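# Observations on the model geometry
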Amino acid sequence: MALKIDTRYPSIDDLRKKAQKKIPKFAFEYLDGGCNEDVNLIRNTAELRDVQLKPNYLRKHSGSSQKTKLFGVEYDAPFGIAPVGLQGLMWPNSPEILAKAAFEHNIPFILSTVTTTSIERASELTEGKAWFQLYHPTEDRLRDDIIKRAEAAECPVLVILCDVPTFGFRPRDIRNGLAMPPKMSVKNILQVLGKPHWAMQTLKYGQPNFANLLPYMPKGLDLKQLGKFMDQTFSGRLNEEKIKPIRDMWKGKLVLKGVASEYDTEEAIRLGLDGIIVSNHGGRQLDAGESTVKPLSRIAEKYGDKIEVMVDSGLRSGPDVARAMASGAKFTFMGRSFMYGVSALGKQGGNHTISLLKTELQQVMEQLCCEKTSDFPEHLI
Ligand SMILES: Cc1cc2nc3c(=O)[nH]c(=O)nc-3n(C[C@H](O)[C@H](O)[C@H](O)COP(=O)(O)O)c2cc1C
């Protein structure tokens, strides 16, 4: 796919600023915020950017390719789109826009259980290439039903999540009374009136809803009721007992997301998982936690030959992807970067953001004289 960039937005930060202007405050703050005092959120990017790379200008260079193999599939770049919940709240139809763009650019797209497009629709848009992230259901019957749907949709990779044993404490969402569908308090109505394009698109596509869960949930829940439904329906705390039956049932690749310690990596290897995503949920769960680049380096060095080690949290540019790959990641993911893109630019946002990141990454690779993505660690200082 040809790379096409809107020259008004040559950085993720430009997209973030535009998104802030374009969507209601409650939606932007849900996307943008971390948890508690945002310490972990800020650390993720800041500490990743402490990673420095050295170029070899005089080395023979016969071209740089971003193509990266993961689980037997060759992708066009070493980054993919992380699962994000409630995407339709930030921009109507955004999971579909991103799934399509990911498919066209041949990069992975992960659909969240709690987003606003169904597994079946994501699979249709990506010709069966979309990955699926499963929030762990308390009831075995529901778990089996969702897994069977993912299997029927030919989903190649199932991602299970270990970093949500509790609901993150997010002061902005509490202040905003965030709800699904959005609760129309006077404050929220005023925010929506100030964002006519968002409001028109929302009218066009209808109220966002939990497309994957519709068959199982009561209608019109506010944040409190939603929390209760989620608590009753999903059990965030994963353990061996819960992972084993999934491993037995799921024939495709199985990935554990939210790993931030050697202990959890060893458990993932012991339980037969195929990969881990070193992640702290973009700083939305444990404000006192480490930035992901730190455990990434330790885990990749110790276990990188036993399990596929991927990473997310805090990446906002091509150089950030390079830094993460040089620190030992086989593959990287981003959540907010793509959501800023699509919230800022609507339908064009997916293509623009992927093109921007690919263009930036290509420049870094050529500048370093890094020919393959597996060579990044040679450039780590
Ligand atoms: C608004 C928002 C919603 C998210 N929802 C989910 C989710 O439903 N499932 C999940 O596994 N991760 C979820 N995440 C975490 C992302 O998958 C990813 O780990 C994180 O965004 C990476 O950090 P970054 O945003 O700095 O790139 C969410 C992140 C954000 C920002």
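How each quantity is defined
Here the residue index of a chain counts from 1 through its sequence in written order. Side-chain atom pairs in this predicted model are given and counted only at pLDDT of 80 or more, local residue features only at pLDDT of at least 70, and totals for whole chains, interfaces and linings cover all residues. Neither water nor hydrogens contribute to the side-chain values; these are computed over all heavy atoms in the structure. UniProt positions are given in the numbering used here, feature names are shortened, and annotations may be inferred rather than shown by experiment. Strands here mean DSSP runs of E at least two residues long; helices mean DSSP runs of H or I at least four residues long; both are numbered from the N terminus. Accessible area is worked out with a 1.4 Å probe on protein chains only. A residue is then buried under 20% of its type maximum, exposed over 50%, and partly exposed in between. Residues are treated as being in contact if the distance between any of their heavy atoms lies within 4.5 Å. Think of it this way: a Phe, Tyr or Trp ring, Trp meaning its six-membered ring, pairs with another when their centres are within 6.5 Å, and the plane angle makes it stacked under 30 degrees, edge-to-face over 60, tilted otherwise. A pair of strands is labelled paired if DSSP reports no fewer than 2 bridges between them. The handedness rule is simple: strands pointing away from the viewer, and a clockwise path from the first strand over the helix to the second, make the crossover right-handed. Axis lines are fitted through C-alpha atoms, for helices just across the contact stretch, and the angle between N-to-C directions can take any value from 0 to 180 degrees. Proximity is defined per residue: any heavy atom of the residue falling within 4 Å of a molecule or strand makes that residue near it. Under the rule applied, a polar contact is a pair of N or O atoms within 3.5 Å (in protein, one hydrogen donor and one hydrogen acceptor; residues adjacent in sequence only if both atoms are side-chain atoms). Calculation of accessible area relied on Shrake-Rupley with a 1.4 Å probe; when residues are assessed, cover is drawn exclusively from the protein chains displayed. Under the scheme applied, nonpolar residues are Ala, Val, Leu, Ile, Met, Phe, Trp, Tyr, Cys and Pro; charged residues are Asp, Glu, Lys and Arg; polar residues are all the others, including Gly. Should the near helix be turned anticlockwise from the far one by less than a right angle, the crossing is left-handed, and should it be turned clockwise, the crossing is right-handed. For every residue, the predictor states its confidence as a pLDDT score lying anywhere from 0 to 100.

Going by what an unreviewed UniProt entry lists, the protein chain is known as Alpha-hydroxy-acid oxidizing protein and is assigned to Neotamlana laminarinivorans. Within the UniProt record for the protein chain, the comment given under Cofactor (unreviewed entry) is "FMN". The protein chain has a UniProt comment under Sequence similarities (unreviewed entry) that states "Belongs to the FMN-dependent alpha-hydroxy acid dehydrogenase family."

Here the focus is the environment of P108. Note that P108 resides in the loop between α5 (94–105) and β4 (110–112). Residue P108 is classed as buried on the basis of its relative accessible area of 1%. On a C-alpha basis, the gap between P108 and A130 in space is 6.6 Å, while along the polypeptide they are 22 residues apart. Once residues lying within four places of it in the same chain are set aside, the contact partners of P108 are Y75, F79, G80, I81, A102, W131, F331 and F333.

Enumeration over the complete set of coordinates arrives at eight aromatic pairs. For the pair Y75 and F331, a centre-to-centre distance of 5.6 Å together with 65 degrees between the ring planes defines the contact as edge-to-face. With a gap of 256 residues between them, Y75 in strand β2 (residues 73–75) and F331 in strand β10 (residues 331–334) connect regions that are remote in the sequence. Judged by its relative accessible area of 7%, Y75 is buried. Judged by relative accessible area, F331 falls into the buried class, the value being 0%.

Bringing the pairing of β10 into the picture now. A regular strand places its side chains so that they alternate between the two faces of the sheet. The two faces of β10 match: F331 and F333 on one face and T332 and M334 on the other face are all buried. Across two bridges, strand β9 (residues 308–311) lies against β10 in parallel orientation. Counted as the bridge partner of M310 is F331 from β10. Remark: the β9/helix α15 (residues 318–326)/β10 crossover connection has right-handed handedness.

Moving on, we get to the sheet that holds strand β6 (residues 157–161). Strand order across the open sheet formed by eight strands is β3-β10-β9-β8-β7-β6-β5-β4, with parallel pairing between neighbours. Edge positions in the open sheet fall to β3 (79–81) and β4, since each of these has one partner strand only. The average angle at which neighbouring strand axes cross in this sheet is 30 degrees, direction not considered. Two strands pair when backbone bridges link them, and β6 and strand β7 (residues 253–259) are joined in this way by five bridges, in the parallel orientation. Residue pairing in the sheet places I160 in a bridge with L256 of β7.

This part covers the site of the ligand. Taken together, 23 residues lie around the ligand, and P83, S112, Q133, D312 and R316 are the ones closest in. Here an oxygen atom of the ligand and a backbone polar atom of P83 are 2.6 Å apart. Contact with the protein chains removes 99% of the 590 Å² of surface that the ligand exposes when unbound. When grouped by side-chain class, the residues that make up the shell around the ligand number nine nonpolar, nine polar and five charged.

A few words on the packing of helix α7 (residues 140–152) against helix α12 (residues 240–249). A pair of packed helices is captured by two measures, namely the crossing angle of their axes and the spacing between those axes. Running from N to C, α7 and α12 point in directions that differ by 35 degrees, and their axes come no closer than 11 Å. Between α7 and α12 lies a crossing of right-handed hand. In this structure, α7 uses R143, D144, I147, K148 and E151 to contact α12, whose residues at the interface are P245, I246 and M249. Tallied by class, the residues present in the contact of α7 with α12 amount to four nonpolar, no polar and four charged.

Alignment of strand β8 (residues 275–278) against β9, held across four bridges, turns out to be parallel. Following the sheet pairing, G275 is matched in β9 by E308. What joins β8 to β9 is helix α14 (residues 293–303), and the crossover it makes is right-handed.

On to the side chain of D320. Relative to the helices and strands, D320 is located in helix α15. Under the relative-accessibility criterion, D320 is labelled buried at 0%. A polar atom in the side chain of D320 sits 2.8 Å from the backbone nitrogen of R316.

What follows deals with the confidence of the model for the protein chain. Per-residue confidence for the protein chain gives a mean pLDDT of 93, with 97% of residues at or over 70. For the protein chain, helix α11 (residues 223–233) is the element with the lowest average pLDDT, namely 74, and β10 is the one with the highest, namely 99.

On to unusual backbone geometry. In this structure, E154 takes a positive phi of about 65 degrees despite not being glycine. Structurally, E154 is set in the loop between α7 and β6. A relative accessible area of 58% means that E154 is categorised as exposed. Positive phi, normally seen in glycine, also occurs at S313, with a value near 100 degrees. By relative accessible area, which is 7% here, S313 ends up buried.

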